Every structure is written in structure tokens, then in C-alpha cells.
Amino acid sequence: MAARPQILTAPFLRSIRWRDENRPKDGYPFDLPIFREAAFELLFTKPVTILVGENATGKSTLLEALAELAGFHAGGGSRDHNYHAPDTERSQLAQHLRAAWLPKVTQGFFFRADAYINLTTYVEELAVDWAEVRGLYGARHLHQQSHGESFLALFENRLKGSRQALYLLDEPESARSPSRQLQLMRLIHAWGQSGKVQIVLATHAPLLMALPGATLLHLTQGGIAEVNYRATPHFEMMAQFFADPDKMVTEALAVD
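Residues numbered from 1 in each chain as written. Predicted model: local features only at pLDDT ≥ 70, side-chain atom pairs only at ≥ 80, totals over all residues. Heavy atoms only, no water.

Quick word on the sheet that holds strand S4 (residues 97–101)
Taken in spatial order, the 3 strands make up an open sheet running S2-S1-S4, and their pairing is antiparallel. Each having just a single partner strand, strand S2 (41–43) and S4 make up the two edges of the open sheet. Neighbour-to-neighbour, the strand axes of the sheet open up by a mean angle of 15°, direction not taken into account. The pairing of strand S1 (residues 13–18) with S4 spans 5 bridges and is antiparallel. Note that in S4 the partner of tryptophan 18 across the bridge is leucine 97. Along the sheet, helix H1 (residues 59–70) makes contact with S1, S2 and S4, crossing S4 at roughly 65°. (Pairing = 2+ DSSP bridges. Helix = DSSP H or I, 4+ residues; strand = E, 2+ residues; numbered from the N terminus. Axes fitted to C-alpha atoms, helices over the stretch in contact; angles between N-to-C directions. Contact = heavy atoms within 4.5 Å.)

Concerning the packing of helix H7 (residues 233–243) against helix H8 (residues 245–254)
Where H7 contacts H8, the two axes come as close as 5 Å, and the packing angle between them is 115°. Taken together, H7 and H8 sit at an angle that is classed as roughly perpendicular. Listed contacts from H8 to Met237, Gln240, Phe241, Phe242 and Ala243 of H7 are Pro245, Met248 and Val249. Across the contact of H7 with H8, the residue classes tally to 7 nonpolar, 1 polar and no charged. (Parallel < 35°, antiparallel > 145°, perpendicular 65-115°, else oblique. Nonpolar A, V, L, I, M, F, W, Y, C, P; charged D, E, K, R; others polar.)

Things to note about the environment of glutamate 64
When you line up the elements, glutamate 64 lands in helix H1. Here the alpha-carbon distance between glutamate 64 and phenylalanine 111, two residues 47 residues apart in the chain, equals 9.9 Å. Residues within four places of glutamate 64 in sequence aside, it is in contact with Ser91, Phe110 and Arg112.

A short note on the pairing of S1
Examined bridge by bridge, S1 and S2 share 3 bridges and lie antiparallel to one another. Residue pairing for S2: isoleucine 16 is matched across the bridge by leucine 42.

Let's talk about the packing of aromatic side chains
Evaluation of the coordinates by the stated rule reveals 7 aromatic pairs. Between the aromatic rings of tryptophan 18 and phenylalanine 40, the centroid separation amounts to 5.4 Å while the plane-to-plane angle is 50°, which identifies the pairing as tilted. Taken as a pair, tryptophan 18 in strand S1 and phenylalanine 40 in the loop between S1 and S2 lie far apart in primary sequence, 22 residues in all. Neither tryptophan 18 nor phenylalanine 40 differs from the other in exposure class; each is buried. On the basis of an interplanar angle of 85° and a centroid distance of 5.4 Å, the ring pair of tyrosine 229 and phenylalanine 235 is categorised as edge-to-face. Overall, the relative accessible area of 23% leaves phenylalanine 235 in the partly exposed class. Site record: aromatic cluster; members linked through ring pairs are Trp18, Phe30, Phe35 and Phe40. (Phe/Tyr/Trp six-rings, centres within 6.5 Å; stacked < 30°, edge-to-face > 60°. Buried < 20%, exposed > 50% of the residue type's maximum accessible area, 1.4 Å probe, protein only.)

Some details on the nonpolar core
As a rule of thumb, soluble globular proteins bury nonpolar side chains together. Ile16, Phe35, Leu51, Leu63, Leu66, Leu97 and Leu168 are the most contacted members of the largest nonpolar core, which has 33 residues in total. Among the secondary structure elements, those contributing two or more residues to this core are S1, H1, S4, strand S6 (165–170), strand S7 (197–202) and strand S8 (215–220). Of the residues forming this core, the biggest block, 7 residues, is contributed by H1. Within the second largest apolar cluster, 31 residues are counted, among which are Leu119, Phe155, Leu184 and Ala205. (Core = buried A, V, L, I, M, F, W, Y, C linked by side-chain atoms within 4.5 Å.)

Comments concerning the pattern of salt bridges
Summed over all chains, the structure comprises 3 salt bridges. Among the ionic pairs, arginine 112 bridges to glutamate 64, the shortest N-O distance being 3.5 Å. A residue pair is termed long-range when its members are at least 10 positions apart, and arginine 112 in strand S5 (residues 108–112) and glutamate 64 in helix H1 qualify at 48 residues. Overall, the relative accessible area of 29% leaves glutamate 64 in the partly exposed class. Between arginine 112 and aspartate 114 there is a salt bridge whose closest N-O contact spans 2.9 Å. We classify arginine 112 as buried; its relative accessible area is 8%. On the basis of relative accessible area, aspartate 114 is assigned to the exposed category, the value being 57%. When salt bridges that share partners are traced, they join Glu64, Arg112 and Asp114 into one network. (Salt bridge = Lys/Arg side-chain N within 4 Å of Asp/Glu carboxyl O.)

This is the structure in C-alpha cells:
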């Protein structure tokens, strides 16, 4: 009897590194600290990788590059989405990166909160009859829901995690209450536990950073390093607030 083929589990995208030495050395995004190293390499060893850091440290830029390497729509969506996104363009970074896959996964989705309205408008215009796409996006029209509800409908219906896929999520906590962030955490945890889905997400939400079993990467002016969520500035600041909210607010308002 022939042996059954081995079914490989997430992570499928194993690493990214520079393609060659001819990449630009100056100008955005190559002047960001995380991309200055000549031997830049990022390894993915777990189903869930979380990117954290201040604004302008390269989290979204990195996700955009991963989306292009995977063949997803630059404005958000999957390989089968085809629409004009006015505020997006091809990733300059992706052209100089090499991705290592095992195996190469063609299914997946790139979610970017800042351009989500473009994707939902495309879906609404494409669906002459909403019943045709309700299995992918839920029973209610996306434009007839709040942003938080619409995000959740997308995650629960379009991103079911039933087959091998790569999900790239840029600030998925946007427009979501703390209780809905916990709901999202449960969903991401289930995807990761399934072995069928790899998730790379960028977030400012300490609740999502605390996801058990995830690799948490902190992007700073000094580069990139693995960190415990309790050691992130996001968690430390929120801990200070909950310890003495009045004091923190008073000190913040007193700053010139």
C-alpha cells in the first residue's frame, strides 16, 4: 500500500530575506531600521506571528510586501479580487525580497483596515444579488453594518480557516470594542490551532498581543526582536493607566 502524502501544517511561509545585494540603500522603506541590515532575514516558526511597534516602524510596510509575495491584492483581499484601489501601489520592498515556502500556499487574504472601504465597495458592486455571496461575507450587506460588525462578518465568513491559507491582518482591532477584540482573539487562536492557517498580523492592541503561543516581534528604531507582550510599551502604558488613571491623565494634559 502506497504511503499517504504528508500534509504539512502551518507555518507555510517560512522566511523572507533579501533577494540580492542590489536593493536601494536609501529612501523609504529601505531606510527603516528593520531593513538596514545587509543580512536581513525574518523567520516564521509558529502559525501566528504578531508585529508590534510605534507608528512608522514598518509593520504595515512589511505586511504589504508579504501580500505581494503571496499574490494578494495590494489594496486588500485575495488573489481573486480585481478592483482599483486609488491609495495603493506595488510594494517596492517586495521586489527585493525572497520568500521561502513549505509548501507554497495560494489561498489567503490580506486585510488592511485603512483601505477596507475600497474592498467592501467592490464586493457590494460585484454582487448583483447578495444571496450569491452571503456564504462568503454573511447574511447582511457589509455597508449596512458598523465597521466593527463588518470586520467580524468578513473574518467569520470569508476567512473560515477550512483549508491551507495565509492571512495577513493589518490592525484588525480597528473599530472593535474590547469585547469584540476578545472575540477576534478566539477566532485567530482557532485558526492557528487548526494547523491549516498561518496568520501574520500587525496590531496596537495589548489584548491581541497576549494571544497564547504566538511569536511577538517588536519593531523599534533599533531593529526587530522577539518580546513578551508584558514588556511592550503598549502594555506598560495601559498598565500605568489602569493602576492610576487620574494621575496619568493629569500628567498627560500637563505636558507642554
